[in-house]
Amino acid sequence: MTMTDPIADMLTRIRNANTAMHDDVRMPSSKVKEALATLLLKEGYIEDFTVADDPGRPGRVLTVTMKYSPERKRVISGVKRVSKPGLRVYIKADKIPRVLGGLGVAVLSTSQGLMTDREARKRRMGGEILCYVW
């Protein structure tokens with residue numbers, strides 16, 4: 001069965017693993033998911049991620065290692081998918097929203113690749129808002 005929205009699937013798996021306090025979560029890999037995982041790692045929302053071949057199936061597997069505080073409290077408080085296949089949300093550079101007044105991150109898909117809202121504002125680039133993470 002084909003997946004309609006793989007990015008929403010990735011975010012939902014991360015949200016569910018975070019709620020259930022799992023140490024890691026596995027999902028099918030793609031270039032966009034790897035770029036999103038790289039951003040989440042750079043922003044400090046996940047511990048690490050790896051991409052490996054799956055011997056039982058075609059394609060590769062993305063394994064995201066979740067991050068918790070030393071007291072075992074969640075680092076990710078929430079994740080929200082903004083632009084969906086049925087309703088794409090595009091934004092100009094001067095209208096990029098701040099997530100929780102700057103405490104969260106908006107992930108944008110631009111012509112230069114995936115980037116955070118702060119980086120897009122600095123480069124004066126708009127694009128498609130993929131998700132909010134806080």
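Quick note: structure is the one above.
Structural notes, computed from the coordinates. Everything quoted here is computed from the prediction, not taken from an experiment. (Residues numbered from 1 in each chain as written. Predicted model: local features only at pLDDT ≥ 70, side-chain atom pairs only at ≥ 80, totals over all residues. Heavy atoms only, no water.)

What follows is about the packing of aromatic side chains. For the structure shown, the criterion picks out 0 aromatic pairs. Just above the ring of Tyr68 sits the side chain of Arg72; from NZ or CZ to the centre is 4.3 Å. (Phe/Tyr/Trp six-rings, centres within 6.5 Å; stacked < 30°, edge-to-face > 60°. Lys NZ or Arg CZ within 6 Å of the ring centre and 35° of its normal.)

As a further point, take the side chain of Ser83. In this fold, Ser83 is placed in the loop between β4 (79-81) and β5 (90-91). Residue class for Ser83 comes out buried when judged on its relative accessible area of 0%. A polar contact is formed between the side chain of Ser83 and the side chain of Glu128, at a distance of 2.6 Å. (Helix = DSSP H or I, 4+ residues; strand = E, 2+ residues; numbered from the N terminus. Buried < 20%, exposed > 50% of the residue type's maximum accessible area, 1.4 Å probe, protein only. Polar contact = N/O pair within 3.5 Å; in protein donor to acceptor, adjacent residues only side chain to side chain.)

As a rule of thumb, non-glycine residues mostly have phi less than zero, and peptide bonds are mostly trans rather than cis. Of note, Arg72 is a non-glycine position whose phi angle comes to about 65°, a positive value. On the secondary structure map, Arg72 appears in the loop between β3 (60-66) and β4. The phi dihedral of Leu100 is positive, around 50°, even though this residue is not glycine. With respect to the helices, strands and loops of the structure, Leu100 is situated in the loop between β5 and β6 (105-110).

Time to look at the packing of helix α1 (residues 6-19) against helix α2 (residues 31-43). In contact at an axis separation of 10 Å, α1 and α2 are set at 40° when each is read in the N-to-C sense. Taken together, the axis directions place α1 and α2 in an arrangement best described as oblique. You can see that α1 and α2 cross each other, and the crossing is right-handed. Contacts between α1 and α2 involve Pro6, Ile7, Asp9, Met10, Leu11 and Ile14 from the first element and Val32, Lys33, Leu36, Ala37 and Leu40 from the second. (Axes fitted to C-alpha atoms, helices over the stretch in contact; angles between N-to-C directions. Parallel < 35°, antiparallel > 145°, perpendicular 65-115°, else oblique. Left-handed = near helix turned anticlockwise from the far one by under 90°. Contact = heavy atoms within 4.5 Å.)

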